[in-house]
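Residues per chain are reported as follows:
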Amino acid sequence: MRDFAYARAAGPEEAVRLAGPPHARFVAGGTDLLNLMKDGVQEHDLLVDLNALDLAEVDASQGRVRIGATARMSDVAADPAVTAVPVLVEALLAGASPQIRNMASIGGNLLQRTRCWYFRDATMPCNKRVPGSGCPALDGVNRWHAVLGGSEHCIAVHPSDLAVALTALGATVNTLHGDGERRIPVAEFYLQPGSTPDRETALRPGELITSVDVPVPGPGTRSRYLKLRDRATFEFAVVSVAAVVRLAGGVVQEARLAFGGIGTRPWRSPEAEQALVGRPLTAATTQAAGRALVRDAVPRRHNAFKVDLVQRALADVLGGMR
Ligand SMILES: Cc1cc2nc3c(=O)[nH]c(=O)nc-3n(C[C@H](O)[C@H](O)[C@H](O)COP(=O)(O)OP(=O)(O)OC[C@H]3O[C@@H](n4cnc5c(N)ncnc54)[C@H](O)[C@@H]3O)c2cc1C
Ligand code: SF4
């Protein structure tokens, strides 16, 4: 690992000021960043430690839960205010291992880098790591890659389970930058790769995530997170589904669906949602939603199975809500 300087910020403004130099990075749990630095995938001159910041609170008021950016995944999953949002608890507990969840922060989880193994191998070309160097995943081993939202430059999926649940819930990311505060809907937070896969989020350099606002679903709403993976625990999603559905008299009034493992960002599907709203939650409507979800899928050599798998996962989740 290359030498780097370290600074512990006392408050959010100081953190933002310290992170001014172009090669500085915030560090919270360090469970992703330090691995990438050790492997030579990322190099930074300065790490700005966020752990002394007063940003670990979970607070419920006015129909939303605000989760501080440095709150640990385990603490958030166990917080009484978050139990009102079951899909969030399920997504948090489906991620990583208990030990990692004890270290890993909410902000860091949202900004963890892709698990594309070409990206994580500093000896391989990768357009996300070194723009213009190529994408070996397109014709290589692409079992873990996206079938939706990819480009000829990158087909990596975003690995965060939490981000999928937040996408279904319509959460907002609150930030602080030298220019002031911003509120970014999570739907606009993650960028499509297009021709610039190195640009992954709407954040500007040195912009700090301070908290995430999660609307608490209204009465009569059911929600669930289902994660399918190669082994029962301690594994990233091959496919995942977060569903937030409101039913009245057996008819879908509102449906918010997001998916992990299939898209280049946490994947919301308005098409699948439209196939459900105003209809009874039957096997036929569920299948129609699944077909709408994968209509524009671009399967590749090793990941075509996801097209079928995600439809089955959606059917399973919605079937359990009838
Ligand atoms: C073996 C293993 C298995 C895992 N399995 C899963 C899984 O199944 N599902 C899943 O979702 N995750 C999984 N993870 C990822 C894990 O959840 C992340 O590593 C963790 O959430 C990152 O949080 P952190 O606080 O350690 O971030 P760090 O490593 O400290 O930081 C990660 C990135 O976020 C930036 N950052 C951190 N906080 C802020 C902030 N407040 N504002 C702006 N930038 C910030 C850092 O600069 C850095 O770029 C796994 C990790 C490991 C090592
Ligand atoms: S899929 Fe994206 S992250 Fe993976 S090798 Fe290609 S450009 Fe890099």
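Every value quoted in this text rests on a predicted model; they were computed, and no experiment measured them. (Residues numbered from 1 in each chain as written. Chains lettered and ligands numbered in written order. Predicted model: local features only at pLDDT ≥ 70, side-chain atom pairs only at ≥ 80, totals over all residues. Heavy atoms only, no water.)

Visitor: Just to check I follow, could you spell out the overall build of the protein for this structure?
Guide: Helix and strand counts for the protein come out as 11 helices and 12 strands. On C-alpha atoms alone, the protein measures out to a radius of gyration of 19 Å, which is about the 20 Å that the 2.2 N^0.38 rule sets for 322 residues. Each principal axis of the C-alpha distribution contributes one length, and for the protein these read about 60 × 50 × 35 Å. In the protein, which comprises 322 residues, the proportion classed as buried is 52%. Sequence separation of at least 24 residues holds for 63% of the intrachain contacts in the protein that already meet a minimum separation of 6. With an accessible surface of roughly 14,200 Å², the protein has 52% of that area assigned to carbon and sulfur atoms. (Helix = DSSP H or I, 4+ residues; strand = E, 2+ residues; numbered from the N terminus. Rg over C-alpha atoms; globule rule 2.2 N^0.38 Å. Buried < 20%, exposed > 50% of the residue type's maximum accessible area, 1.4 Å probe, protein only. Contact = heavy atoms within 4.5 Å. Areas by Shrake-Rupley, 256 points an atom, 1.4 Å probe, with all protein chains shown as cover.)

Visitor: Can you help me understand the site of ligand 1 in this one?
Guide: In the vicinity of ligand 1, 32 residues are found, and the nearest of them are Phe26, Gly30, Thr31, Ser105 and Asp161. Gly29 is positioned such that a nitrogen or oxygen atom in its backbone is 2.8 Å from an oxygen atom of ligand 1. Coverage of ligand 1 by the protein chains reaches 94% of its 970 Å² of free accessible surface. Of all elements in the fold, only β2 (24–27), α6 (106–111) and β8 (208–215) reach the threshold of two or more residues within the shell around ligand 1. Broken down by element, the residue count for the shell around ligand 1 peaks at four residues, all from α6. Among the residues making up the shell around ligand 1, the classes are represented as 16 nonpolar, 10 polar and six charged. (Near = heavy atom within 4 Å. Polar contact = N/O pair within 3.5 Å; in protein donor to acceptor, adjacent residues only side chain to side chain. Nonpolar A, V, L, I, M, F, W, Y, C, P; charged D, E, K, R; others polar.)

Visitor: Would you take a moment to explain the domain arrangement of the protein for this structure?
Guide: Where interface size is given, it is often the accessible area lost as the parts come together that is meant. Here the domain parsing of the protein yields domain 1 (5–51) and domain 2 (221–320). Once you take the C-alpha centre of each, domain 1 and domain 2 turn out to be 36 Å apart. (Domains from an automatic or database assignment.)

Visitor: Explain helix α10 (residues 283–293) here, please?
Guide: Every α-helical turn comprises 3.6 residues, leaving residues that sit three or four positions apart pointing alike. Those residues of α10 that fall on the buried side of the exposure criterion are Thr285, Thr286, Ala289, Gly290, Ala292 and Leu293. Down the axis, α10 shows its buried residues gathered within 160° of arc, on one side only. At its buried positions, α10 is contacted by β11 (251–260), β12 (267–268), α9 (270–276) and α11 (305–319). (Arc of directions from axis to C-beta.)

Visitor: I would appreciate a short explanation of the sheet that holds strand β9 (residues 221–228) in the present structure.
Guide: Consider a sheet: its strands pair through backbone hydrogen bonds, and that pairing is either parallel or antiparallel. An order of β9-β10-β11-β12 is seen for the four strands of this open sheet, with the pairing classed as antiparallel. The sheet is open, and its two edges are formed by β9 and β12, each paired on a single side. For strand β10 (residues 239–248) and β11, the ladder comprises nine bridges, and the chain directions are antiparallel. Paired with Ala242 across the bridge in β11 is Ala258. Where helix α7 (residues 161–169) meets the sheet, it contacts β9, β10, β11 and β12, and its direction lies at approximately 155° from that of β11. Where α11 meets the sheet, its contacts fall on β9, β10 and β11, and the angle it forms with β10 comes to roughly 35°. (Pairing = 2+ DSSP bridges. Axes fitted to C-alpha atoms, helices over the stretch in contact; angles between N-to-C directions.)

Visitor: Can you help me understand the site of ligand 2 in this one?
Guide: Close to ligand 2 lie 14 residues, the nearest being Cys116, Cys126, Cys135, His153 and Cys154. Each residue belonging to the shell around ligand 2 can be placed in one class, and the counts come to 10 nonpolar, three polar and one charged.

Visitor: Would you take a moment to explain the packing of helix α4 (residues 86–94) against α7 for this structure?
Guide: The geometry of a pair of packed helices is captured by two quantities: the angle between their axes and the separation between those axes. Across the interface, α4 lies against α7 with an axial gap of 8 Å and an inter-helix angle of 165°. It follows from the interaxial angle that α4 and α7 lie roughly antiparallel. By crossing handedness, the relation of α4 to α7 is classed as right-handed. Side by side, α4 and α7 meet where Val87, Leu88, Ala91, Leu92 and Ala94 of the first sit next to Asp161, Leu162, Ala165, Leu166 and Leu169 of the second. Of the residues contributing to the contact of α4 with α7, the split by class is nine nonpolar, no polar and one charged. (Parallel < 35°, antiparallel > 145°, perpendicular 65-115°, else oblique. Left-handed = near helix turned anticlockwise from the far one by under 90°.)

Visitor: Any chance you could explain the packing of aromatic side chains here in plain terms?
Guide: Both the distance between ring centres and the angle between the ring planes are used here to describe each pair of aromatic rings. Taken as a whole and assessed by the stated rule, the structure comprises one aromatic pair. Summarising the aromatic geometry, the rings of Phe189 and Tyr190 are spaced 5.0 Å apart at their centres and angled 90° between planes, so their arrangement reads as edge-to-face. With a relative accessible area of 4%, Tyr190 lands in the buried category. (Phe/Tyr/Trp six-rings, centres within 6.5 Å; stacked < 30°, edge-to-face > 60°.)

Visitor: When you look at the sheet that holds β2 in this model, what are you seeing that I'm missing?
Guide: The strand order across the open sheet built from three strands is β1-β3-β2, with neighbouring strands paired in parallel fashion. The open sheet is flanked by β1 (5–8) and β2, the only strands paired with a single partner. Strand-to-strand twist in this sheet, taken as the mean axis angle between neighbours without regard to direction, amounts to 25°. Looking at chain direction, β1 and strand β3 (residues 46–49) are connected through four bridges and run parallel.

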